[in-house]
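A closer look at the structure
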Amino acid sequence: DAGVIQSPRHEVTEMGQEVTLRCKPISGHNSLFWYRQTMMRGLELLIYFNNNVPIDDSGMPEDRFSAKMPNASFSTLKIQPSEPRDSAVYFCASSLNPGGTEAFFGQGTRLTVV
Amino acid sequence: AQKVTQAQTEISVVEKEDVTLDCVYETRDTTYYLFWYKQPPSGELVFLIRRNSFDEQNEISGRYSWNFQKSTSSFNFTITASQVVDSAVYFCALSTSGGSYIPTFGRGTSLIVHP
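In this text, all values refer to a predicted model and were calculated from it rather than measured experimentally.

Of regular secondary structure, chain B possesses zero helices and 12 strands. Listing the helices and strands of chain B from first to last along the sequence gives β-β-β-β-β-β-β-β-β-β-β-β. For chain B, whose C-alpha radius of gyration is 14 Å, the value lies close to the compact-globule estimate of 13 Å for 115 residues. Along the first, second and third principal axes, the C-alpha set of chain B runs to 45 × 25 × 20 Å. Within chain B, counting contacts between residues at least 6 apart in sequence, those at least 24 apart form 56% of the total. When the accessible surface of chain B is split by element, carbon and sulfur atoms take 48% of a total near 5,500 Å². Of the charged side chains in chain B, 9 are positive and 12 negative, and the gap between their average positions amounts to 5 Å.

Before going further, it helps to spend a moment on the interface of chain B and chain A. Each side of the interface is counted separately: chain B has 16 residues, and chain A has 20 residues. Contact between chain B and chain A buries roughly 1,600 Å² in total, counting both sides, with carbon and sulfur atoms accounting for 59%. By the criterion of area lost to chain A, the three top residues of chain B are Leu45(B), Ile102(B) and Arg107(B), representing 32% of everything that side buries. At the boundary of chain B with chain A, the tally comes to one salt bridge. Where chain B meets chain A, there are six residue pairs in polar contact (both at pLDDT 80 or more). Counting only elements with at least two residues in the side of chain B that touches chain A, the list comes to strand 5 (32–39), strand 6 (46–52) and strand 10 (88–96) of chain B.

Quick look at the environment of Lys78(A) now. Residues and elements named next belong to chain A. Looking at where lysine 78 falls in the secondary structure, it is placed in strand 8 (residues 74–79). Measuring from C-alpha to C-alpha, the distance between lysine 78 and glycine 108 comes to 15 Å, with 30 residues separating the pair along the chain. Apart from residues no more than four positions distant in its own chain, lysine 78 is found in contact with Glu18, Val19, Thr20, Arg64, Phe65 and Ser66.

Residues and elements named next belong to chain A. Within the structure shown, the criterion is met by two disulfides over all chains. Here cysteine 23 connects covalently by a disulfide to cysteine 92, the sulfurs 1.9 Å from one another. Residues cysteine 23 and cysteine 92 share a disulfide whose torsion about the S-S bond is about -65°; that sign makes it left-handed. Highlighted residues: cysteine 23 in strand 3 (residues 19–24) and cysteine 92 in strand 9 (residues 88–95), separated in sequence by 69 residues. With respect to class, cysteine 23 is no different from cysteine 92; both count as buried.

What follows concerns the packing of aromatic side chains. For the structure on display, the rule yields 21 aromatic pairs over all chains. Judged by centre distance (6.2 Å) and plane angle (40°), the rings of Phe33(A) and Tyr35(A) are tilted. You'll find Phe33(A) and Tyr35(A) in the same group, each marked buried. Summarising the aromatic geometry, the rings of Tyr64(B) and Phe77(B) are spaced 5.1 Å apart at their centres and angled 85° between planes, so their arrangement reads as edge-to-face. In this pair, Tyr64(B) sits in strand 8 (residues 64–69) while Phe77(B) sits in strand 9 (residues 74–79), placing the two residues 13 residues apart along the sequence. In this structure, Tyr64(B) and Phe77(B) share a single accessibility class: buried.

Residue and element names in this part refer to chain B. Position of lysine 38 among the secondary structure elements: in strand 5. Despite its burial, lysine 38 pairs with no opposite charge; the closest candidate is aspartate 86, at 4.6 Å N-O. A distance of 3.2 Å separates the side chain of lysine 38 from the backbone oxygen of valine 85, its partner in a polar contact. Excluding anything up to four places from it in sequence, lysine 38 contacts Glu44, Leu45, Val46, Leu48, Tyr64, Val85, Asp86, Ala88, Val89 and Tyr90.

Residues and elements named next belong to chain A. Reading across from one edge, 1-3-8-7 is the order of the four strands in this open sheet, with antiparallel pairing throughout. The open sheet has two free edges, formed respectively by strand 1 (5–7) and strand 7 (65–71), since each of these has just one partner strand. Across the sheet, the axes of successive neighbouring strands diverge by a mean angle of 15°, strand direction being ignored. Across three bridges, the pairing between strand 1 and strand 3 is antiparallel. Within the sheet, the bridge partner assigned to serine 7 lies in strand 3 and is arginine 22.

Procedures and definitions
- Here the residue numbering is sequential within each chain, running from 1 through the sequence in written order.
- Following the order in which they are written, the chains are lettered starting with A and the ligands numbered starting with 1.
- This being a predicted model, a pLDDT of at least 70 is required before a residue's local features are given, and a value of 80 or more before pairs of side-chain atoms are given or counted; all residues contribute to the totals for chains, interfaces and linings.
- Hydrogens and waters are ignored; side-chain quantities use all the structure's heavy atoms.
- Secondary structure is summarised from DSSP: a helix means a run of H or I of at least four residues, a strand means a run of E of at least two, and numbering begins at the N terminus for each.
- Using C-alpha atoms as the atom set, the radius of gyration is obtained and then compared with a globule rule of 2.2 Å times the number of residues to the power 0.38.
- In what follows, residue pairs with any heavy atoms lying within 4.5 Å of each other are defined as contacts.
- Residue-level accessible areas treat just the shown protein chains as cover; the underlying method is Shrake-Rupley with a 1.4 Å probe.
- Positive residues here are Lys and Arg, negative ones are Asp and Glu, while His and the chain termini are left out of the count.
- By convention, charge coordinates are those of NZ in Lys, CZ in Arg, CG in Asp, or CD in Glu.
- Two parts placed together each lose some accessible area under a 1.4 Å probe, and adding up what both lose gives the buried area.
- A pairing counts as a salt bridge when a side-chain nitrogen of Lys or Arg comes within 4 Å of a carboxyl oxygen of Asp or Glu.
- Nitrogen and oxygen atoms within 3.5 Å of one another constitute a polar contact, given that in protein one can donate a hydrogen and the other can accept it, and given that sequence-neighbouring residues count only through two side-chain atoms.
- Throughout, disulfides are identified as pairs of cysteine sulfur atoms within 2.5 Å of each other.
- Burial classes follow relative accessibility: with a 1.4 Å probe on protein chains only, a residue under 20% of its type's maximum area counts as buried, one over 50% as exposed, and anything between as partly exposed.
- Any pair of Phe, Tyr and Trp rings, taking the six-membered ring for Trp, is counted once the centres come within 6.5 Å. Such a pair is stacked with planes under 30 degrees apart, edge-to-face with planes over 60 apart, and tilted for the rest.
- Here the rule is simple: two strands pair whenever DSSP picks up at least two bridges between them.
- Throughout, an axis means a line fitted to C-alpha atoms (over the contacting stretch in the case of helices), and angles, computed between N-to-C directions, take values from 0 to 180 degrees.

Laid out in structure tokens, this is it:
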């Protein structure tokens, strides 16, 4: 299996621009997580999907952030408009079921907003 | 609420030394899972181990071993005879039945192994 695939690996954008991060989970996994990693806050959950349905989006910072999962093999995280404080590494992870199995992470997208 | 504390921010050792990374967790749930992940300098997060709350058996995998103690709410990770390639940030994580099994991560411990 190819593992969780994220794109792009790196993104540099100007403040105010729209940014879309993409994720393909491991085939057969029905739980998907988006995390953000920063030095200040560590690894923090943004949103959790189960069977393509958002279950917990309490970590989404504000209305500028939105996430979708139109089908079992694809998810997007969109930031519009982007701000310098959104600069971070964004990870997508998937797991087989929500019952405590381990999550496997993608390689992350390093976002820099200038 | 669930919480994971990794009190050691950074540990520096010389190659071949043994090193233990501490993890203390908090939860009121009786059903929960604990995990360790490794984040090498390349940045990816690599899954190492999972334990559930009903299985306190310690585990050994090569130079790695894990000590799970419910009495002290700890899930410590020991690397025996450390190597330079072990240099990474190590994260402990917790998922609970009451938390929808969403993993909550500690702040991580940066391990530096000097040759």
